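# Close look at the chain arrangement
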Amino acid sequence: MYRIIATWKFALSAVTMGAKVLSSGGRALDAAEAGIRLTESDPDIDCVGLGGFLNRDGELELDAAVMDGDTLKTGAVIGIKNYEHPITVARAVMEKTMHNILVGRGAESFAREIGIESRPMLDMITPGARKLWEEKRAEKAAASGHDTIGFLALDSHGSIVSATSTSGMGMKLPGRSGDSPIIGSGFYAESGVGAASATGWGEDIMRTCMSFRMTEMIRAGADPQKAADTAVITACETMIRHGTKPREMAVICLDADGRIGAACNHKGFAYVTACEGGEPTTVDVEPIIDKDTL
Ligand code: ASP
């Protein structure tokens, strides 16, 4: 038995690839990396890898992370440039170093040292991303515009993995990290329990530690759908109680039996899922709470 759930409609090719790996008995880690690499290379996906949103200075700085639920080992890179596959560098941080996170130039020199293929940043900036950046710069627009691939996989060996990759928010300050490479916020996994991932305003998701929160609810016996709904509602209510208006947040989670959950506080969120004997399916998610009416 295997199960995959990943954030946003654009995850279809990643989930299809991941399902191919898992249906032939492959490992969740390999499925997550192989799937996300496809998303990272797709120039039409404007928020992950090649073709992603640019920062305030017109640079493409990428974040990615992975957590192996068997060992609780995790690897992440923040603000890496000149690499098309930050997920592969994140996995190498997990597997080949004693650290959890490498940032910026440190992540790049590590990737170079271990022979991961680089690609000049300028080569990965698409005309569309450059045009959008120029328009935003002319408008003096604040940072906005986002999305992340969050990819959860349970394989036939019972191993659970959570992985993410994103260019983060468009027009972000150089060096800004969102939640996606931060353990417990943008991703979490523990085999035998479950896994979770989040997408949306990283600053809000980090404040409320969404992914660890969901995994802990599953550990305490919650059905994943209940865990996802409760995480979004509690995060929004907690922020309101402390005088901060929540912005877009969406979450997915998975338990050790392959049951899934998803929730959001805004319209437009969808996920893609696949399991044994079925085709990958895209599912639109109705908001459980509306951030605009809070
Ligand atoms: N959470 C990501 C970030 O803040 C973006 C997103 O998933 O929408 O960088």
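So, here's what we can say about the structure. Residue numbers restart at each chain and count upward from 1, following the sequence in its written direction. Local features in this predicted model are restricted to residues whose pLDDT is 70 or higher, and side-chain atom pairs enter the listing and the counts only when it is 80 or higher, whereas totals over whole chains, interfaces and linings include all residues. In computing side-chain properties, one takes all heavy atoms of the structure into account and sets aside hydrogens as well as water.

Before going further, it helps to spend a moment on the site of the ligand. Nearness is judged by heavy atoms alone; a residue qualifies as near a molecule or strand once a single heavy atom is within 4 Å of it. All residues in the neighbourhood of the ligand are listed as His146, Asp147, Thr148, Gly168, Arg176, Gly178, Asp179, Ser180, Thr199, Gly200 and Gly202. Any pair of nitrogen or oxygen atoms within 3.5 Å is treated as a polar contact; in protein, a donor-acceptor pairing is required on top of that, and neighbouring residues in sequence qualify only through side-chain atoms on both sides. Arg176 places a polar side-chain atom, nitrogen or oxygen, 2.8 Å from an oxygen atom of the ligand. Asp179 has a polar side-chain atom sitting 2.5 Å from a nitrogen atom of the ligand. Notes on the ligand: free accessible area 270 Å², of which the protein chains cover 100%. Throughout this entry, Asp, Glu, Lys and Arg are counted as charged residues, while Ala, Val, Leu, Ile, Met, Phe, Trp, Tyr, Cys and Pro are counted as nonpolar. The remaining residues, Gly among them, count as polar. Its residues assigned to classes, the shell around the ligand shows no nonpolar, eight polar and three charged. The accessible surface values rely on the Shrake-Rupley method and a 1.4 Å probe; as for residues, cover is taken only from the protein chains in view.

It is worth spelling out the sheet that holds strand S10 (residues 260-264) at this point. Strand pairing is defined by DSSP finding a minimum of two bridges between the two strands. In DSSP terms, a helix is any run of H or I states spanning at least four residues, a strand is any run of E spanning at least two, and both are numbered starting from the N terminus. Spatial ordering of the open sheet is given by S7-S8-S9-S10, a layout of four strands whose pairing is antiparallel. Bordering the open sheet on either side are strand S7 (187-190) and S10, each of which pairs with just one other strand. Averaged over neighbouring strand pairs, the angle between their axes works out to 10° when direction is ignored. Judged from the five bridges that link them, strand S9 (residues 249-255) and S10 form a sheet pairing that is antiparallel. Structural elements are reduced to axes, namely lines fitted to C-alpha atoms, with helices fitted over the stretch in contact, and the angle between N-to-C directions of any two is expressed from 0 to 180 degrees.

The subject of this paragraph is unusual backbone geometry. Of note in this structure, Leu72 is not a glycine but carries a positive phi near 60°. Within the element layout of this structure, Leu72 appears in the loop between strand S2 (62-68) and strand S3 (73-80). Phi is positive for Lys140, which is not a glycine, with a value near 55°. Within the secondary structure, Lys140 is located in the loop between helix H5 (127-139) and strand S5 (149-154).

To continue, consider the nonpolar core. Here, nonpolar core means buried Ala, Val, Leu, Ile, Met, Phe, Trp, Tyr and Cys residues that are tied together by side-chain atoms lying within 4.5 Å of each other. The buried label applies to any residue whose accessible area, calculated with a 1.4 Å probe on protein chains only, is under 20% of its type's maximum; exposed applies above 50%, and partly exposed to all values in between. Counting 28 residues, the largest nonpolar core has Ile4, Val15, Val66, Ile149 and Phe151 as its most contacted members. For this core, the elements supplying multiple residues, two or more each, are strand S1 (3-7), helix H1 (12-23), helix H2 (28-41), helix H3 (86-96), S5, strand S6 (160-166) and strand S11 (270-275). In this structure, Leu60, Ala64, Ile80 and Met171 belong to the second largest nonpolar core, which totals 23 residues.

Sheet architecture is open: eight strands sit in the order S4-S3-S2-S6-S5-S1-S11-S12, paired in mixed fashion. One side of each edge strand has no neighbouring strand; the edge strands of this open sheet are strand S4 (101-103) and strand S12 (281-284). For this sheet, the mean inter-axis angle between neighbouring strands, taken without regard to orientation, is 10°. Looking at chain direction, S1 and S5 are connected through four bridges and run antiparallel. The partner of Ile4 across the bridge, within S5, is Ala153. Packed onto the sheet, H2 meets S2, S5 and S6 and runs at close to 15° relative to S6. Residues are treated as being in contact if the distance between any of their heavy atoms lies within 4.5 Å.

Further remarks concern the pairing of S1. Counting buried residues along S1, five of its five residues qualify, which places the element largely inside the surrounding structure. What you see with S1 is no split at all: Arg3, Ile5 and Thr7 on one side and Ile4 and Ala6 on the other are buried throughout.

Right, let's talk about the packing of H1 against H2 for a bit. One can describe the packing of H1 onto H2 by two numbers: an axis separation of 8 Å at closest approach and a directional angle of 150°. In terms of orientation, H1 lies roughly antiparallel with respect to H2. As for how H1 packs across H2, the hand of that crossing is right-handed. When H1 is examined against H2, the residues Ser13, Ala14, Met17, Gly18, Val21 and Leu22 are found in contact with a partner set consisting of Ala28, Asp30, Ala31, Ala34, Gly35, Ile36, Leu38 and Thr39. Comment on the angle field: the value is read as roughly parallel under 35 degrees, roughly antiparallel over 145, roughly perpendicular from 65 to 115, and oblique elsewhere. Helix crossings are classified by the rotation of the near helix relative to the far one: an anticlockwise turn of less than a right angle makes the crossing left-handed, while a clockwise turn makes it right-handed.

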